[in-house]
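Descriptive analysis of the structure
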Amino acid sequence: MNLKILVPLDSTSTAADVLAAAIAEARWRGAGIVLLRAIDLPMEYPVEVYALSPNNVADILEENARTELSRVASGIPSDIPSSVLVEAGTPWRGICSVARGEDVAMVVMGAHDRRMLDGLLGTTASRVVNHIDRTVLVVRR
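In what follows, the accompanying structure is described. (Residues numbered from 1 in each chain as written. Predicted model: local features only at pLDDT ≥ 70, side-chain atom pairs only at ≥ 80, totals over all residues. Heavy atoms only, no water.)

Let us now look at the overall build of the protein. Assigned secondary structure in the protein consists of 5 helices and 5 strands. The linear arrangement of helices and strands in the protein, starting from the amino end, is β-α-β-α-β-α-β-α-α-β. Here the protein, with 141 residues, has 38% of them falling under the buried criterion. If you take every contact in the protein between residues at least 6 apart in sequence, the share linking residues at least 24 apart comes to 77%. (Helix = DSSP H or I, 4+ residues; strand = E, 2+ residues; numbered from the N terminus. Buried < 20%, exposed > 50% of the residue type's maximum accessible area, 1.4 Å probe, protein only. Contact = heavy atoms within 4.5 Å.)

See below:
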């Protein structure tokens, strides 16, 4: 893949719209797609997690993310090269890091509905837009 588009996805309802926009961009630009799930350890764990070691928890989250992204990748048309990556850590930092590391041309990502706290704390999308040196297409529902 020469020209690449990074597509960070989570399990929200905007994921299908984000993927559709990324596929359209990839076709228009003759680019490949790099699907990314940036996983952050949740603040609250299910009770079963406390019986596991921290490495097991991270491994389980990574494996679940990789499985889900592979399922999504199977829906990308075969003429568009694609790959799957999972990055552990703060989502916006992971997105920026992978964008640089993979030397992507642009990022296509979703935005959640704005709430009052988003203006104070910043959303993942706004943090990516403010900290990345790439073009970002933010897809809204």
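Taken together, 5 strands build an open sheet; the order of strands is β3-β2-β1-β4-β5 and the sheet is parallel. Both edges of this open sheet fall to β3 (82-88) and β5 (135-139), since each of them pairs with a single strand only. On average, each strand axis in the sheet is tilted by 25 degrees relative to the strand beside it, whichever way the strands run. Bridge count between strand β1 (residues 4-8) and strand β2 (residues 32-39): 5 bridges; the pairing is parallel. Bridge pairing in β2 links P8 to L36. (Pairing = 2+ DSSP bridges. Axes fitted to C-alpha atoms, helices over the stretch in contact; angles between N-to-C directions.)

What follows covers the nonpolar core. Membership of the largest hydrophobic core comes to 24 residues, with the highest contact counts inside it found for I5, V7, L9, I33, L35, I76 and V108. Only β1, α1 (15-29), β2, α2 (54-73) and β4 (106-110) provide two or more residues apiece to this core. In terms of residue count, the dominant contributor to this core is α1 (7 residues). Contacts of L9, omitting those with residues within four sequence positions, involve A15, V18, L35, L36, R37, L69 and V72. Core analysis: the second largest hydrophobic core is formed by 15 residues, L6, L36, A125 and V128 among them. (Core = buried A, V, L, I, M, F, W, Y, C linked by side-chain atoms within 4.5 Å.)

Our focus in this paragraph is the pairing of β4. Among the 5 residues of β4, 5 are classified as buried, and the element is accordingly described as predominantly covered. By the alternation rule, side chains of β4 split into M106, V108 and G110 and V107 and M109, which are all buried. Pairing of β4 with β5 involves 5 bridges; the strand directions are parallel. Within β5, the residue paired with M106 across the bridge is T135.

On to the side chain of R134, then. Within the element layout of this structure, R134 appears in the loop between α5 (124-131) and β5. The exposure class assigned to R134 is buried, which follows from its relative accessible area of 19%. Separated by 3.1 Å, the side chains of R134 and D103 make a polar contact. In this structure the side chain of R134 is engaged in a polar contact, spanning 2.8 Å, whose partner is the side chain of D133. Among residues more than four places away in sequence, those in contact with R134 are A99, R100, D103, V104 and A105. (Polar contact = N/O pair within 3.5 Å; in protein donor to acceptor, adjacent residues only side chain to side chain.)

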